[in-house]
Amino acid sequence: MLKETELKRPNRLNFTGGWNYDPAPESASNVKLKETYQHFINGKFTEPEEGKYFATLNPATEEKLADVADGSAADVDAAVKAARNGYNKYWSKLSGRDRARYIYRIARMIQERAREFAIIESLDGGKPIRESRDVDVPLSAAYFFYYAGWADKLEYAFPNRNPKPVGVAGQIIPWNFPLMMAAWKIAPALAAGNTVVLKPAETTPLTCLKLAEIIQEADLPPGVVNFVTGAGATGSEIVSHPDIDKVAFTGSTKVGKMIHKSVAGTNKKLTLELGGKAANIVMDDAPLDQAVEGIVNGIFFNQGHVCCAGSRLFVQEGVADTVRDKLIDRMESLIVGDPLDKNTDIGAINSQKQLQTINNYLELGLNEGGEIYQSSCPIPDKGYWVAPTLIGNVSQSHRIVQEEIFGPVLTIQTFRTPAEVIEKANNTPYGLSGGVWTDKGSKIFNLTSQLRAGVVWANTYNKFDPTSPFGGYKESGIGREGGLHGLSAYLKF
Ligand code: NAD
């Protein structure tokens, strides 16, 4: 942890001016979690072959929420066999229209249980309920609705190309948007006619297992969707299983590279959605208050646990001091704490391991000569927390400017000309996303067309839509999810 004396605390007006919101916690009392969760294989909850379980914790309290099955090679094999059988016997025999019916049913059931899903997501992952309620869950339903619509129209989506399903998809997802990442993967796979074996992240398996309950109630044929829980070793068994036809991975670039090597030379189709280090660029003609809100939304909400987080801020010199002061004022007003409280802006860091990673980067930033401003907001005693942090006095060569931190930590740099900021923004191994704030459409076109990033938002940030493809350049990944691009990743032509 950083020592108090090492932090430069802003001596500025606190937005809340000495008053605070009353707590407004969402009640978790009618959310029923089981004590133990098993794999979901062939339409049934199934005990792990080796009888091993691991605990999933609430990162805001460090208390155990449930024990979850730890998947072995035998469990993965059983899930892949079930998926193959589900494909041969049921799913490949259904018409697109009938597949769509099931997918619509899942979408509607997510909507019906939206509150339950949102609470579980916040309990297990640490994200503020405002975000799981307003972003994760509605978007997850939206992805199922969107892809359900394509299931009986594949030949119109890809005319004269005779699209065919790939077969069995092995899917591995991270902990930052557990339900939504599952929706991004399962919905297009099913719509295209595939069956799936999905592994959620080891720290956030609970909403996927809740989704398994829905899939069971929706009466999906056995084996069409299977969930195997576990850590990296379980994921690696899925990737290397010989009867998997397509691997879809979302996670770190380090693991993505290992997976890329492991599927090289096989016939498996592959999509990789990996890390990012997005530039958020503020030109001197930008609406500054709006831009500050967008910067805060881009990096601090969801604790910076967002692959496309705007973690590098570039401000044009003429407005740099104003933007920094406004940003620091706004950071002082952010509320860090109970993820279930509707006033909370920044919830808990997802795990102790991730907390350690972020704290290591803060130390590194300090040692590299960075000037660190950390909000003076109160932080709960128990659980994993990081106050919103801004680091100035950094340059392109600093590791905290180059490497993904995946926490509520923002670096700030200045620039004079568009050419300079384009060069700086593109100077990372990543290319997932970016943001531009300006009053002029011509500047938007100039900057967005030259930024090497899969998505660039203009005068907004972190907006998602199922119709829009998402994915990275360079070390941020291969392929796209969302839209028709996301559907084609699950088809062969
Ligand atoms: P991670 O790579 O450590 O883990 C991701 C998943 O892969 C987990 O389910 C994990 O159990 C599994 N895994 C770990 N080792 C494996 C192996 N050897 N073989 C197969 N599976 C393995 O990543 P994380 O820390 O969970 O997630 C954070 C990362 O995800 C960040 O880098 C973030 O940028 C990235 N991410 C990218 C996107 C995107 O769309 N590009 C979206 C969300 C998160």
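Figured I'd write up the structure that's included with this text. For clarity, every value in this text was computed on a predicted model and none was experimentally measured.

1. Some thoughts on the sheet that holds strand E13 (residues 312-316)
Inference 1: Taken in spatial order, the seven strands line up as E14-E15-E16-E13-E12-E18-E19 in an open sheet, and their pairing is mixed. Each edge of the open sheet carries a strand with a single partner, namely strand E14 (371-374) and strand E19 (455-458). Ignoring which end each strand starts from, the neighbouring axes of this sheet average 20 degrees apart.
Inference 2: Two elements, strand E15 (residues 389-392) and strand E16 (residues 409-415), share three bridges in a ladder whose sense is parallel. Bridge pairing in E16 links Ile-391 to Thr-411.
Inference 3: Its contacts with the sheet put helix H10 (residues 288-299) on strand E12 (279-282), E13, E16 and strand E18 (433-437), and the angle it makes with E12 is roughly 175 degrees.

2. Points about the nonpolar core
Inference 1: In this structure, Ile-106, Ile-186, Leu-211, Phe-227 and Val-282 are the most contacted members of the largest nonpolar core, which totals 109 residues.
Inference 2: At 11 residues, helix H6 (residues 178-191) tops the list of elements feeding residues into this core.
Inference 3: Mapping this core onto the domain boundaries places at least three of its residues in each of domain 1 (36-274 + 476-492) and domain 2 (276-458).
Inference 4: The residues touching Ile-106, leaving out its near neighbours within four places in the chain, are Phe-144, Leu-190, Leu-211, Ile-214, Ile-215, Ala-218 and Leu-220.
Inference 5: Counting 20 residues, the second-largest nonpolar core is a separate cluster that includes Ala-79, Val-247, Val-263 and Leu-272.

3. Here we look at the packing of aromatic side chains
Inference 1: Under the criterion given, the structure shown has 13 aromatic pairs.
Inference 2: For the ring pair Phe-40 and Phe-227, a centre distance of 6.4 Å and an interplane angle of 45 degrees mean the geometry is tilted. Here Phe-40, found in strand E2 (residues 39-41), pairs with Phe-227, found in strand E9 (residues 225-227); they are 187 residues apart in sequence, far enough to count as distant. Grouping residues by exposure puts Phe-40 and Phe-227 together as buried.
Inference 3: The structure contains a cluster of three or more aromatic residues connected by ring pairs, namely Tyr-143, Trp-184, Trp-457, Tyr-461, Phe-464 and Phe-470.
Inference 4: Over the ring of Phe-301 we find Arg-130; its NZ or CZ atom is 5.7 Å from the centre of that ring.
Inference 5: Directly above the aromatic system of Phe-493 lies the positively charged group of Arg-161, at a separation of 3.9 Å from the ring centroid.

4. Describing the site of the ligand
Inference 1: Taken together, 28 residues form the shell around the ligand, and within it Ile-173, Glu-202, Ser-252, Leu-274 and Glu-404 come nearest.
Inference 2: Between an oxygen atom of the ligand and a side-chain N or O atom of Trp-175, the distance comes to 3.0 Å.
Inference 3: Separating an oxygen atom of the ligand from a side-chain N or O atom of Glu-404 is a distance of 2.5 Å.
Inference 4: Across the complex, the protein chains shield 90% of the 850 Å² of accessible surface that the ligand would expose by itself.
Inference 5: Those elements that provide at least two residues to the shell around the ligand are helix H8 (232-240), strand E10 (246-250) and helix H9 (253-263).
Inference 6: The residue inventory of the shell around the ligand, partitioned by class, reads 16 nonpolar, eight polar and four charged.

About the cut-offs
- Residues numbered from 1 in each chain as written.
- Predicted model: local features only at pLDDT ≥ 70, side-chain atom pairs only at ≥ 80, totals over all residues.
- Heavy atoms only, no water.
- Pairing = 2+ DSSP bridges.
- Helix = DSSP H or I, 4+ residues; strand = E, 2+ residues; numbered from the N terminus.
- Axes fitted to C-alpha atoms, helices over the stretch in contact; angles between N-to-C directions.
- Contact = heavy atoms within 4.5 Å.
- Core = buried A, V, L, I, M, F, W, Y, C linked by side-chain atoms within 4.5 Å.
- Buried < 20%, exposed > 50% of the residue type's maximum accessible area, 1.4 Å probe, protein only.
- Domains from an automatic or database assignment.
- Phe/Tyr/Trp six-rings, centres within 6.5 Å; stacked < 30°, edge-to-face > 60°.
- Lys NZ or Arg CZ within 6 Å of the ring centre and 35° of its normal.
- Near = heavy atom within 4 Å.
- Polar contact = N/O pair within 3.5 Å; in protein donor to acceptor, adjacent residues only side chain to side chain.
- Areas by Shrake-Rupley, 256 points an atom, 1.4 Å probe, with all protein chains shown as cover.
- Nonpolar A, V, L, I, M, F, W, Y, C, P; charged D, E, K, R; others polar.

Geometry only, nothing functional implied.
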